[in-house]
Amino acid sequence: MTAFSLLSGLALGPVVGLLATLAMDRVMPRLPEGTTAPRVAAGVLTDTPVDGAPERLATWVHYVAGVGSGLLFVGLVAAVQTALGVGTAVALAVAGHAMFALMVGFFALVPLPRARGLARQRLSRIRRDWALCAAVYVVTAALLVALAVGA
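Residues numbered from 1 in each chain as written. Predicted model: local features only at pLDDT ≥ 70, side-chain atom pairs only at ≥ 80, totals over all residues. Heavy atoms only, no water.

**Let's talk about the overall build of the protein chain**
Line of reasoning, step 1. Along the protein chain, the regular secondary structure elements total 6 helices and 0 strands.
Line of reasoning, step 2. Tracing the protein chain from N to C terminus, the helices and strands come up as α-α-α-α-α-α.
Line of reasoning, step 3. Here the C-alpha atoms of the protein chain give a radius of gyration of 16 Å, agreeing with the 15 Å that 2.2 N^0.38 yields for 151 residues.
Line of reasoning, step 4. Counting only C-alpha atoms and orienting by the principal axes, one finds that the protein chain spans roughly 50 × 25 × 25 Å.
Line of reasoning, step 5. Here the protein chain holds 151 residues, and 40% of them are scored as buried.
Line of reasoning, step 6. Considering only contacts within the protein chain whose residues lie at least 6 apart along the sequence, 71% involve residues at least 24 apart.
Line of reasoning, step 7. In the form shown here, the protein chain has an accessible surface area of approximately 7,900 Å², with 70% of it arising from carbon and sulfur atoms.
Line of reasoning, step 8. For the protein chain, the distance from the average position of its 11 positive side-chain charges to the average position of its 6 negative side-chain charges is 4 Å. (Helix = DSSP H or I, 4+ residues; strand = E, 2+ residues; numbered from the N terminus. Rg over C-alpha atoms; globule rule 2.2 N^0.38 Å. Buried < 20%, exposed > 50% of the residue type's maximum accessible area, 1.4 Å probe, protein only. Contact = heavy atoms within 4.5 Å. Areas by Shrake-Rupley, 256 points an atom, 1.4 Å probe, with all protein chains shown as cover. Lys, Arg positive; Asp, Glu negative; His and termini not counted. Charge placed at Lys NZ, Arg CZ, Asp CG, Glu CD.)

**A look at the packing of helix α3 (residues 55-84) against helix α6 (residues 123-149)**
Line of reasoning, step 1. Where α3 contacts α6, the axes come no closer than 11 Å and their chain directions differ by 55°. By the angle class used here, α3 and α6 are oblique. Two packed elements cross with a definite hand, and for α3 against α6 that hand is right-handed. Residue-level contacts link G66, S69, G70, F73 and V74 of α3 to Y137, A141, A142 and V145 of α6.
Line of reasoning, step 2. The residue inventory of the contact of α3 with α6, partitioned by class, reads 6 nonpolar, 3 polar and no charged. (Axes fitted to C-alpha atoms, helices over the stretch in contact; angles between N-to-C directions. Parallel < 35°, antiparallel > 145°, perpendicular 65-115°, else oblique. Left-handed = near helix turned anticlockwise from the far one by under 90°. Nonpolar A, V, L, I, M, F, W, Y, C, P; charged D, E, K, R; others polar.)

**Side note on a nonpolar patch on the surface**
Line of reasoning, step 1. Nonpolar side chains collect at one region of the surface, where V15, L18, L19 and L22 lie side by side and expose about 310 Å² of accessible area between them.
Line of reasoning, step 2. Within the secondary structure, L19 is located in helix α1 (residues 6-27). (Patch = residues over 30% accessible without salt bridge, like charges linked within 9 Å, V, L, I, M, F, W, Y side chains within 5 Å. Salt bridge = Lys/Arg side-chain N within 4 Å of Asp/Glu carboxyl O.)

**Considering the pattern of salt bridges**
Line of reasoning, step 1. Evaluated as defined, the whole model comprises 6 salt bridges.
Line of reasoning, step 2. A salt bridge links R122 to E33, with the shortest nitrogen-to-oxygen separation between them at 2.8 Å. Here the residue R122 occupies a position in the loop between α5 (111-114) and α6, and E33 occupies one in the loop between α1 and α2 (36-46), the gap between them amounting to 89 residues.
Line of reasoning, step 3. We classify R122 as buried; its relative accessible area is 14%.
Line of reasoning, step 4. In this structure, the salt-bridge partner of E33 is R125, at a minimum N-O distance of 3.3 Å.

**Some words on α3**
Each full turn of the α-helix corresponds to 3.6 residues, which orients residues three or four apart in the same direction.
Line of reasoning, step 1. Here α3 contains 30 residues, and its C-alpha end-to-end distance of 42 Å stays within 8% of the 44 Å for a straight helix at 1.5 Å per residue.
Line of reasoning, step 2. Of the residues flanking the end of α3, it is G85, one or two places downstream, whose phi is positive at about 65°. (Expected span 1.5 Å × (residues − 1).)

**Looking at the side chain of R39**
Line of reasoning, step 1. Along the chain, the position of R39 falls in helix α2.
Line of reasoning, step 2. With a relative accessible area of 17%, R39 lands in the buried category.
Line of reasoning, step 3. Once residues within four sequence positions are removed from consideration, R39 is found in contact with V50, D51, A53, E55, A58 and R122.

**A short note on the environment of V94**
Line of reasoning, step 1. Considering the arrangement of structural elements, one finds V94 in helix α4 (residues 88-109).
Line of reasoning, step 2. According to the relative accessible area criterion, V94 is partly exposed, its value standing at 37%.
Line of reasoning, step 3. Sequence spacing of V94 and V80 is 14 residues, and the spatial spacing of their C-alpha atoms is 7.3 Å.

Encoded structure:
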């Protein structure tokens, strides 16, 4: 695969992000704290306790972040290919690991510590469930990019 052009990356990224977010949505409700992450973000944005965070805002934040993350993932793949001169499989593996670390690290270090109304004993379950959801997102995104470029 050659590196994405700016236009193709801008077109592919949001589609990959949306589809990966929809895949994540299949897993979230099956986990004890799976659906808490979007409410954490909404709670932080509105300065309300997580359990009282606006559901509609949580949904919007979830999908906007998912679509934006798709752009970031496609950009990472292209950057890895360009910088390292590697093929699709290696670029997807490197970008996938980086994306997973960014998703989990950002959530665990920025919104989660600022969330109100969470019992301390829930925090590790929330982080674990978010990590599982992020893994589903990244694997799905990598498969979609591989399919899109015929790898």
